[in-house]
Amino acid sequence: MAKSSKDYFGLPWLVSLILAIIPFTSWLCGFLTRFQEGKIIAGLLRLFLGWNIIWLLDLLCVLFTGKILRVVNF
């Protein structure tokens, strides 16, 4: 059974992994998740920088931990 995850809107781990594999959906879900958590600066960083190395790190984090990468927490 797949692990549960609180990231990507509380979706199951496998669905979050599929969304993380696709660069556009990873970028979109990443910054929307951070805005939903109330982390405006982290959401803006994902909005402007989430299409490059953050995408790859998000993919690895979701694959191994089930959670997205949290670079800044404010």
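From a predicted model like this one, the values you see are computed outputs, not experimental measurements.

S.K.: Any chance you could break down the packing of aromatic side chains for me, citing the residues and the numbers?
M.R.: The way to describe two aromatic rings as a pair is by their centre distance and the angle between their planes. Following the criterion strictly, the structure yields 3 aromatic pairs and no others. Measuring from centroid to centroid gives 5.9 Å for Phe-31 and Phe-35, while their planes differ by 90°, and the two rings are edge-to-face. Of this pair, Phe-31 and Phe-35 are both found in helix H2 (residues 23–36), 4 residues apart, which corresponds to roughly one turn of the helix. Counting every residue linked through ring pairs, the aromatic cluster contains Phe-24, Trp-27, Phe-31 and Phe-35.

S.K.: Pulling in residues and values, what's your account of helix H4 (residues 53–64)?
M.R.: A rise of 1.5 Å per residue sets the reference length of H4, with its 12 residues, at 16 Å; its end C-alpha atoms lie 17 Å apart and thus fit the reference within 8%. Residues Ile-54, Asp-58, Leu-59 and Val-62 constitute the buried set of H4. Considered in projection along H4, the buried side chains sweep an arc of 140° and stay on one side of the axis. Exposed residues on H4 whose side chains face more than 90 degrees from its buried face are Ile-53 and Phe-64. Each element contacted by the buried residues of H4 is listed here: helix H1 (13–21), H2 and helix H3 (40–49). Of the residues flanking the end of H4, it is Gly-66, one or two places downstream, whose phi is positive at about 85°.

S.K.: Quick rundown of H3? Include the residues and the values.
M.R.: Taken together, the buried positions of H3 are occupied by Ala-42, Gly-43 and Arg-46. For H3, the buried positions fall inside an angular range of 100° around the axis, keeping them on one side. Packing partners of the buried residues in H3 comprise H2 and H4.

Parameters and conventions
Residues numbered from 1 in each chain as written. Predicted model: local features only at pLDDT ≥ 70, side-chain atom pairs only at ≥ 80, totals over all residues. Heavy atoms only, no water. Phe/Tyr/Trp six-rings, centres within 6.5 Å; stacked < 30°, edge-to-face > 60°. Helix = DSSP H or I, 4+ residues; strand = E, 2+ residues; numbered from the N terminus. Expected span 1.5 Å × (residues − 1). Buried < 20%, exposed > 50% of the residue type's maximum accessible area, 1.4 Å probe, protein only. Arc of directions from axis to C-beta. Contact = heavy atoms within 4.5 Å.

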